[in-house]
Structure formats: structure tokens, C-alpha cells
Amino acid sequence: MKWTSWVTLLGLGVIAGAVVWSSFLIDRVRCEVCLEFAGQRACRAVDGPTLEEARRAAITNACALLASGVTQTLACERTPPQSIDCSP
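All values reported here derive from a predicted model rather than from experimental measurement. (Residues numbered from 1 in each chain as written. Predicted model: local features only at pLDDT ≥ 70, side-chain atom pairs only at ≥ 80, totals over all residues. Heavy atoms only, no water.)

Here we take up the pattern of salt bridges. The full count for this structure, using the stated rule, is two salt bridges. A salt bridge links arginine 55 to glutamate 52; the nearest nitrogen and oxygen atoms lie 2.7 Å apart. One end of the pair is arginine 55 and the other is glutamate 52, both in helix α2 (residues 51–66) and three residues apart, which spans about a single turn. A relative accessible area of 45% means that glutamate 52 is categorised as partly exposed. (Salt bridge = Lys/Arg side-chain N within 4 Å of Asp/Glu carboxyl O. Helix = DSSP H or I, 4+ residues; strand = E, 2+ residues; numbered from the N terminus. Buried < 20%, exposed > 50% of the residue type's maximum accessible area, 1.4 Å probe, protein only.)

See the structure below:
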């Protein structure tokens with residue numbers, strides 16, 4: 001291999017390492033949301049960088065199990081959760 005290939009490979013390795021390393025340094029918030037929609041119930045826990053993002057992702061994740069189609073998904077995501085438990 002040419003030396004430029006080694007430099008490129010090393011550069012990509014450094015970038016990949018930086019991405020992995022930075023993912024471990026992010027403060028995480030964990031939210032568990034229980035939701036009832038169309039007679040079904042689902043609880044999902046999600047980690048996120050902020051409280052609002054973790055809560056929203058947990059609701060979206062639960063609705064993915066309960067709703068089918070765009071209309072039902074939007075209605076499900078507007079349904080108030082039965083319980084929300086978030087912790088840093």
C-alpha cells in the first residue's frame with residue numbers, strides 16, 4: 001500500500017475513535033413512558049441527551065408499537081402518557 005493509503009486509513013481510524021469516545025461522554029437522561037392507545041398499552045425506556053428529547057423519543061418509540069400509519073401515529077403521539085419516569 002502507498003503511504004497515502006496508510007495516512008487515510010489512520011485518519012479514518014482517528015475520526016471513528018473520536019466519534020465512539022464522544023458518545024460515552026454525553027450526559028444522558030433516561031425516560032420510561034407508558035402509553036395507552038386504541039385499547040393497547042406499551043411502555044418504552046429511552047436514553048437521550050436532554051429530558052425533552054428522551055421523553056419525546058420514548059413516546060415515539062411506544063407509538064411505533066401501538067399505531068399503524070401516519071394518521072394513527074400522529075394521534076398516538078398527541079395522547080398524554082399514562083406515566084412518565086425520567087432520571088438523569
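Okay, the state of the cysteines next. All told, the structure shown has three disulfides when counted by the stated rule. A disulfide bridge connects cysteine 31 with cysteine 86, and the sulfur atoms are separated by 1.9 Å. Around the S-S axis, the bridge from cysteine 31 to cysteine 86 shows a dihedral of about 115 degrees and counts as right-handed. Taken together, the residues cysteine 31 in strand β1 (residues 29–37) and cysteine 86 in strand β3 (residues 83–87) connect sequence positions 55 residues apart. On the basis of relative accessible area, cysteine 86 is assigned to the partly exposed category, the value being 26%. (Disulfide = S-S within 2.5 Å.)

Below, the discussion takes up unusual backbone geometry. If you check the backbone angles, alanine 38 has positive phi at about 55 degrees while not being a glycine. Given a relative accessible area of 63%, alanine 38 falls into the exposed group.

To continue, consider the side chain of threonine 79. Assignment of secondary structure puts threonine 79 in the loop between α3 (70–78) and β3. Overall, the relative accessible area of 19% leaves threonine 79 in the buried class. Filtering out sequence-adjacent residues up to four positions away, threonine 79 remains in contact with Leu35, Glu36 and Phe37. (Contact = heavy atoms within 4.5 Å.)

Glancing now at the nonpolar core. Of all hydrophobic cores here, the largest spans twelve residues; its members are Val33, Leu35, Phe37, Ala42, Val46, Ala58, Ile59, Ala62, Cys63, Leu66, Ala67 and Cys76. Looking at this core, the elements with two or more residues in it are β1, β2 (40–48) and α2. Broken down by element, this core gets its largest block of residues, five residues, from α2. If we ignore the near neighbours within four places in the chain, the residues touching leucine 66 are Leu35, Phe37, Gln40, Arg41, Ala42 and Cys76. (Core = buried A, V, L, I, M, F, W, Y, C linked by side-chain atoms within 4.5 Å.)

Read these as spatial facts, not as claims about activity.
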